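# Analysis of the macromolecular model
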Amino acid sequence: MRSEHVNTPGCFADPFDSEASLLSRCACGCGGAAGTHDAPIRKVPASGDREGLIARLVESAVTRALFGGHEPSRRVFMRAMGAGAAVALIGGMFPLEAAKALASEKIGTLEKKDVTIGFMPITCGTPIIMAHPMGFYARYGLTGAVVQKASGWAMIRDWAVSGQTDYAHMLAPMPIAMTLGLGSTRMPFVVPAIENVNGQAITLHIKHDKVKTAAQMKGFRFAVPFDYSMHNLLLRYFLAEGGVNPDTEVQIRVLPPPEMVANLKAGNLDGYLSPDPFNQRAVYEKVGFIFKLTRDLWEGHPCCSFAVSEKFAKEAPNAFRAVVHAIIDATLYSSDPANRKEIAVAIAPRNYLNQPVEVIEQVLTGEFPDGLGNTLSVPQRIDFDPFPWQSMAVWILTQLKRWGYIKEDVDYRKVAESVFLAGDCAAVMREMGKAPPDTGYRKHTIMGKEFNPAEPEAYLNSFSMRKT
Amino acid sequence: MNGRAIILSCSLGCLMLLLWHVATAGSELPTPSAVLKVAREFLRSPFYDAGPNDKGIGILAAYSIGRLAAGFGCASVCAVLLGVWLGRRPILFAALNPYIQILRAISPIAWMPLLLYSVKDSGITAFLVVFMASLWPTLANTAFGVANIKKDYLNVAAILQISPLKTLLRIILPAAGPTIVAGLKISMGSAWVAVIPAEALLGSMGLGYFVWNEWNNLSLTSVVFAILVIGIVGVIVDFLFSRLSRRLAYTD
């Protein structure tokens, strides 16, 4: 849904252009003019240009209203008048400037401008992190926003539960687990935006360069960053698909990512499925090679999320809206490959990731050495897409259940919909001129096997290798 | 130290540096010169502030020392008062002593999850960890010192009808002074040892944060530099405290 939606939705078309259409006619319902899916150039004011976006939105609305929504009349009028004269004329009749200003104020007075956001120094959190040095928080009025670095996911969890941070960068399964009270105090969390998709990898020790399949990994000692992580669930899924029981035939330990590289070096680990830059870092340190990118297991899988306790979101609704705007804006900005190099430079310093720019750039641009002497080019190695598919939450729940983290029955849809706020995210995306999907559910394909979110129990029962 | 000790000390230092160099040259481990280079960089501007996650080493050391001072200070006041009270009640002291010894044997870091869960604030938790680390040695020593004050002193005070406060300040504390100060010094040591891991585990600013932030970058050279800073700051703090305590000490 990312690449084909760089078209111009009707409401963002130039209303003073006699050729453009202000009506949504696209068959897919994205709001775009028909055929614009093929248009290679983005006509919407860049997502960075929020003022421009809103201004355009207001102009369109006013112009459309003026002609009673009758497109042919507007076009005839514009052709006859010329755009410049039309702007002046309509501007004279209607306080366009005031309307534009009003629209951009609609987030409301912020209850808190100095919000704190906990983050882990990994590339998954790129939008949350870069939003600070690149001014995305300030753009939405959060002038005192602070991003606070944590050394582990348990710390992120504790900060979030205790209210020491207002918002947090979390692994996608974490807010679900916390809402259910798994490995934490039971506390409802919500995810208004997913951060990254893809972007993880299975890294193996260089001595295993002949390993090609999961079956050859029996007896390996692996590490993952947290129990409630896509890393753990994907590694287990991958091993199980290859006939290796992740609970009995290999060891899976929880380790903070930087220690993974050191342990790989020391020979304490055979491999890990971890966030970047620590896969690329193992290559940089010449101790490991990238065995498999997680996008080859599940193209477009979610990884990290932006989470906040339901309580805080309700207590400070305007700040919540502002933060969500900033995050979605930053996520959309990060998704443009053209911006990646600039982002790598912004997040490399000690205050943020504290990593060599070179390594981060290799991760973000997808031009990287794999540790076996090849240089690969995988632009989709990591991508950024804010939309929190509720079907992904359902998948996470099935896997948590599969491996015994959830022992009782669970109402998949209810949990998925209460945690992953697909509707809120879609509304903000629409404001930013993006065309979000109109449903939170779709089918996913993981290692060639289809997952239908409508049948979670059947899906769960289709796995012969499972703990429960 | 006399002249010969200084010469010996310097040569031992050089020998250690040499061994360090020989052991690490050509390996991936940081050599003394690499650490020196990093140290020079960090010390060039020790008080810079480049955001909430990146501060100069001087600021970080100040955070750690502040944490130490707060935790140790509060714990010491509590421990001395409680110790005096217990020391005057031999039966109660004897009854409680086994528990004090058990509590003293617990690594202060072991309290961390429990504290964090109950107070829900990492700053206060770090303070309490340091507090726990410095409470028990002083408490045990104070109670022991007070319990062993010569009875004559207290009898004289009673005969002269000196007020309880005056008895405490003029007789009990000076008489038990050396034992209390010895307890305080042990507490100070264990408090400083607790500060660093507490900061690292809680993500609070300080030298402990510096260690894991550099570890995150797998920068062992910076980690070694941090180790040296922690040691040197510890020695300086201990030295200053010794100076202070010498004023408090009292001999028969």
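The model shown is predicted, which means the values in this text are computed figures rather than measured ones.

### Considerations on the overall build of chain B
Of regular secondary structure, chain B possesses 10 helices and zero strands. Start at the N end of chain B and walk to the C end: the helices and strands fall as α-α-α-α-α-α-α-α-α-α. Oriented by its inertia axes, the alpha-carbon framework of chain B measures out at about 75 × 55 × 30 Å. Counting across all 252 residues of chain B, residues that qualify as buried make up 36%. Put simply, 71% of the contacts in chain B that link residues at least 6 apart link residues at least 24 apart.

### Considering the overall build of chain A
Looking only at helices and strands, chain A features 19 helices and 16 strands. Per-residue burial for chain A yields a buried fraction of 54% across its 468 residues. Residue pairs in contact within chain A that sit at least 24 positions apart in sequence constitute 76% of those at least 6 positions apart.

### Structural notes on the pairing of strand S3 (residues 167-171) of chain A
All names here are of chain A. Most of S3 sits inside the fold, with five of its five residues counted as buried. Residues Tyr167, His169 and Leu171 of S3 are buried on one face, and the alternating residues Ala168 and Met170, pointing to the opposite face, are buried as well. Taken together, the two bridges between strand S1 (residues 116-119) and S3 define a ladder with parallel strand orientation. Bridge pairing in S3 links glycine 118 to alanine 168. Strand direction decides the pairing type here: S3 and strand S11 (residues 304-309), joined by five bridges, are antiparallel. Counted as the bridge partner of tyrosine 167 is valine 308 from S11.

### Some words on the interface of chain A and chain B
On the side of chain B, 17 residues touch chain A, which itself brings 20 residues to the contact. Of all the elements in the fold, those that place two or more residues in the side of chain A that touches chain B are strand S2 (146-149), helix H7 (153-162) and helix H10 (257-266) of chain A. Split into classes, the residues belonging to the side of chain A that touches chain B amount to nine nonpolar, seven polar and four charged.

### Some remarks on the sheet that holds S3 of chain A
Sheets are built from strands paired through backbone hydrogen bonds, the pairs being either parallel or antiparallel. Residues and elements named next belong to chain A. Strand order in the open sheet formed by five strands is S2-S1-S3-S11-S4, with mixed pairing between adjacent strands. Taken across any chain shown, the strands that pair with only one partner, and hence form the sheet edges, are S2 and strand S4 (189-194). Between one strand axis and the next, the sheet turns through 30 degrees on average, direction left out of account. Here four bridges tie S1 to S2, and the two strands are oriented parallel to one another. Its bridge partner being in S2, isoleucine 117 is matched across the sheet by valine 147. Lying over the sheet, helix H8 (residues 173-180) contacts S3, S4 and S11, oriented at roughly 165 degrees with respect to S4.

### Observations concerning the sheet that holds strand S7 (residues 221-224) of chain A
Residues and elements named next belong to chain A. One open sheet holds the five strands; their spatial order is S8-S7-S9-S6-S10, and the pairing between them is mixed. Unpaired on one side and paired on the other, strand S8 (251-254) and strand S10 (288-293) mark the two borders of the sheet. For this sheet, the mean inter-axis angle between neighbouring strands, taken without regard to orientation, is 25 degrees. Bridge analysis of strand S6 (residues 200-205) against strand S9 (residues 271-275) gives five bridges, and the strand direction is antiparallel. Bridge pairing links isoleucine 202 to leucine 273 in S9. Contacting S6, S7, S9 and S10, H10 runs over the sheet at an angle of about 155 degrees to S9.

### Some remarks on the environment of proline 164 of chain B
Residues and elements named next belong to chain B. Within the fold, proline 164 resides in helix H8 (residues 164-202). The exposed category is assigned to proline 164, around which 9 C-beta atoms lie within 10 Å. Spatially, the C-alpha atoms of proline 164 and leucine 115 are 36 Å apart, while their sequence positions differ by 49 residues.

### Re helix H7 (residues 151-159) of chain B
Counting buried residues in H7 of chain B gives zero out of nine residues, a small share hidden from the surface. Phi turns positive one or two residues past the end of H7 of chain B, at glutamine 161 of chain B, with a value near 55 degrees.

### Focus: H8 of chain B
Because each turn of an α-helix spans 3.6 residues, side chains separated by three or four positions in sequence point in the same direction. Residue and element names in this part refer to chain B. Counted at 1.5 Å a residue, the expected span for H8 with its 39 residues is 57 Å, but the 43 Å between its end C-alpha atoms falls short. The largest bend along H8 measures about 65 degrees and falls at glycine 177, with the proline proline 178 one to four residues further on. Phi turns positive one or two residues past the end of H8, at glycine 203, with a value near 70 degrees.

### Topic: the nonpolar core
By size, the foremost hydrophobic cluster in this structure holds 195 residues, and its most contacted members are Phe222, Val323, Ala326, Ile327 and Ile347 of chain A together with Val129 and Val130 of chain B. Among the elements that make up this core, the one with the highest residue count is H8 of chain B (15 residues).

### Concerning the environment of methionine 432 of chain A
Summarising the element assignment, methionine 432 of chain A is placed in the loop between helix H18 (422-431) and strand S15 (444-446). Take methionine 432 of chain A: there are 21 C-beta atoms within 10 Å of it, and that puts it in the buried class.

### Digging into the packing of helix H3 (residues 57-87) of chain B against helix H6 (residues 122-147) of chain B
The description of two packed helices rests on the angle between their axes and on the distance between the axes. Residue and element names in this part refer to chain B. With their axes 7 Å apart at the nearest point, H3 and H6 run at an angle of 30 degrees to one another. In this view, H3 runs roughly parallel relative to H6, as classed from their interaxial angle. For the pair H3 and H6, the crossing hand works out as right-handed. When the residues that make up the contact of H3 with H6 are grouped by side-chain class, the tally is 20 nonpolar, eight polar and one charged.

### Thoughts on the confidence of the model for chain A
Residues and elements named next belong to chain A. A residue-level look at chain A finds 77% of positions with pLDDT of 70 or above and a mean pLDDT of 82. Segment residues 20-45 is flagged for pLDDT under 50; beyond a separation of four residues in sequence, or across chains, it makes 55 contacts in the model. Counting interchain partners and residues more than four positions distant, the pLDDT-below-50 stretch residues 97-105 has 10 contacts.

### Quick word on unusual backbone geometry
Residues and elements named next belong to chain A. Omega for the peptide link from aspartate 276 to proline 277 comes to 15 degrees, which places this bond in the cis form. With respect to the helices, strands and loops of the structure, proline 277 is situated in the loop between S9 and helix H11 (278-284). For asparagine 354, which is not glycine, the phi dihedral falls at a positive 60 degrees. By the secondary structure assignment, asparagine 354 is in the loop between helix H14 (340-347) and helix H15 (357-365).

What counts and what doesn't
The residue numbering used here restarts from 1 in each chain and proceeds along that chain's sequence as written. Here the convention is simple: chains get letters from A, ligands get numbers from 1, in the order in which they are written. Where local features are concerned, this predicted model is filtered to residues with pLDDT of at least 70; where side-chain atom pairs are given and counted, the filter is 80 or more; whole-chain, interface and lining totals use all residues. Secondary structure follows DSSP: runs of H or I at least 4 residues long count as helices, runs of E at least 2 residues long count as strands, and numbering of each begins at the N terminus. Field definition: a residue is buried when 20 or more other C-beta atoms are found within 10 Å of its C-beta, exposed when 12 or fewer are, and partly exposed for counts in between, with C-beta atoms placed from the backbone. Contact between two residues is assigned when their C-beta atoms, built from the backbone, lie within 7 Å. For two strands to pair, DSSP has to find at least two bridges joining them. In this classification, the charged set is Asp, Glu, Lys and Arg, the nonpolar set is Ala, Val, Leu, Ile, Met, Phe, Trp, Tyr, Cys and Pro, and all remaining amino acids, among them Gly, are polar. Only the contacting stretch of a helix is used when fitting its axis, a line to C-alpha atoms as for every element, and angles between N-to-C directions run 0 to 180 degrees. Given the number of residues in a helix, its expected span is that number minus one, multiplied by 1.5 Å. Note that the bend at a residue is defined as the angle between axes fitted to the seven residues ending at it and the seven residues starting at it. To form a nonpolar core, buried Ala, Val, Leu, Ile, Met, Phe, Trp, Tyr and Cys residues must be joined through C-beta atoms within 7 Å. Roughly parallel means an angle under 35 degrees; roughly antiparallel, over 145; roughly perpendicular, 65 to 115; everything else is oblique. When the near helix sits turned anticlockwise from the far one by under a right angle, the crossing is termed left-handed; a clockwise turn instead gives a right-handed crossing. Predictor confidence is given residue by residue as pLDDT, running from a minimum of 0 to a maximum of 100.

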